[in-house]
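Summary of structural features
For reference, the chains in residue letters:
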Amino acid sequence: MGLDMYLRSLPRIEGMELDGILMANANMRQHEQENSEVYQKIKPHIKHFEEFDMKWRSMFTDVAYWRKANWIHHWFVETIQGGEDDMSHYEVTSNQLFELHNKCLEVLARDNPPWDVLPARPGPFFGSTSYDSYYFYETDRTKTILADLLENFNFQTHYILYHANW
């Protein structure tokens, strides 16, 4: 058990809002069995996965993953989720990723105490709240992940969603 955090890509589908796409993904089997209009819209975007002898389908593609980086999770909860830590999917804009990227740069510059910039967040199975080598390693890794997404991700054709669970 532990805090697992993801940034996921989800295609923008003409004529469907984000909530509708999320619901279609969650109810994919039902839409497929009914061969519904919704299924016809999402069908080209369904990906097939296989790992550890398990097979599944989804329209999500994981583009970033963290484990027990509770200060990054805290930023998403406060900035993106309005303080609600409810394990749902939340849309993240390029401007918001840029803001987090800048927070990482500020922490790594060490001009201000890290707890003033990206404070640790205690929680069930959230990992250490120390400002140690793991904190700075994951902050640097986050900076690199975000720089790559900001440079290469197509925000016009896909959503970026944040999701965490524990």
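For the structure given in this document, a descriptive report is provided here. (Residues numbered from 1 in each chain as written. Predicted model: local features only at pLDDT ≥ 70, side-chain atom pairs only at ≥ 80, totals over all residues. Heavy atoms only, no water.)

Turning our eyes to something else, we now look at the sheet that holds strand 6 (residues 158–165). Within the open sheet, the 4 strands sit side by side as 4-1-6-5. Their pairing is antiparallel. Lying at the two open borders of the sheet, with one neighbouring strand each, are strand 4 (61–67) and strand 5 (90–92). Strand-to-strand twist of the sheet, defined as the mean angle between neighbouring strand axes without regard to direction, takes the value 30°. For strand 1 (residues 4–11) and strand 4, the ladder comprises 6 bridges, and the chain directions are antiparallel. Bridge pairing in strand 4 places Leu 7 opposite Ala 64. (Pairing = 2+ DSSP bridges. Helix = DSSP H or I, 4+ residues; strand = E, 2+ residues; numbered from the N terminus. Axes fitted to C-alpha atoms, helices over the stretch in contact; angles between N-to-C directions.)

Below, the discussion takes up the packing of aromatic side chains. Using the criterion set out here, one finds 12 aromatic pairs in the structure. Here Phe 126 and Trp 166 contribute two aromatic rings whose centre-to-centre distance is 5.2 Å and whose plane-to-plane angle is 75°, an arrangement assigned as edge-to-face. A residue pair is termed long-range when its members are at least 10 positions apart, and Phe 126 in the loop between helix 6 (114–117) and helix 7 (133–152) and Trp 166 in the segment after strand 6 qualify at 40 residues. On the accessibility criterion, Phe 126 (2% relative accessible area) is buried. Measuring from ring centre to ring centre gives 4.9 Å for Tyr 131 and Tyr 135, while their planes differ by 70°; the resulting arrangement is edge-to-face. Tyr 135 gets classed as buried once you look at its relative accessible area, which sits at 0%. Here the aromatic residues Trp 71, Trp 115, Tyr 131, Tyr 134, Tyr 135 and Phe 136 are joined through ring pairs into a cluster of three or more. Its end group placed over the ring of Tyr 159, Arg 12 keeps NZ or CZ at 4.0 Å from the ring centre. (Phe/Tyr/Trp six-rings, centres within 6.5 Å; stacked < 30°, edge-to-face > 60°. Buried < 20%, exposed > 50% of the residue type's maximum accessible area, 1.4 Å probe, protein only. Lys NZ or Arg CZ within 6 Å of the ring centre and 35° of its normal.)

This part takes up the pairing of strand 2 (residues 47–51). Taken together, the 5 bridges between strand 2 and strand 3 (residues 54–58) define a ladder with antiparallel strand orientation. The residue bridging Lys 47 from the neighbouring strand is Ser 58, located in strand 3. The turn joining strand 2 and strand 3, which pair antiparallel and follow one another in sequence, is formed by 2 residues; a positive phi near 50° is taken by Phe 52.

Among the secondary structure elements, Asp 132 is positioned in the loop between helix 6 and helix 7. With a relative accessible area of 31%, Asp 132 lands in the partly exposed category. As a C-alpha pair, Asp 132 and Lys 55 span 77 residues in sequence and 38 Å in three-dimensional space. Among the polar contacts made by the side chain of Asp 132, one reaches the main-chain amide nitrogen of Tyr 134 at a distance of 3.2 Å. (Polar contact = N/O pair within 3.5 Å; in protein donor to acceptor, adjacent residues only side chain to side chain.)

This brings us to the pattern of salt bridges. Using the criterion set out here, one finds 8 salt bridges in the structure. Notably, a salt bridge pairs Arg 8 with Asp 62, separated by 2.7 Å at the nearest N-O pair. Of this pair, Arg 8 sits in strand 1 while Asp 62 sits in strand 4, and the two are 54 residues apart along the sequence. On the basis of relative accessible area, Arg 8 is assigned to the buried category, the value being 14%. Here Lys 143 ties to Asp 140 by a salt bridge, and the two come within 3.1 Å at their closest N and O atoms. With Lys 143 and Asp 140 both in helix 7, this residue pair falls 3 residues apart, about one helical turn. Each of Glu 78, Asp 85 and Arg 121 takes part in a single network of salt bridges with overlapping partners. (Salt bridge = Lys/Arg side-chain N within 4 Å of Asp/Glu carboxyl O.)

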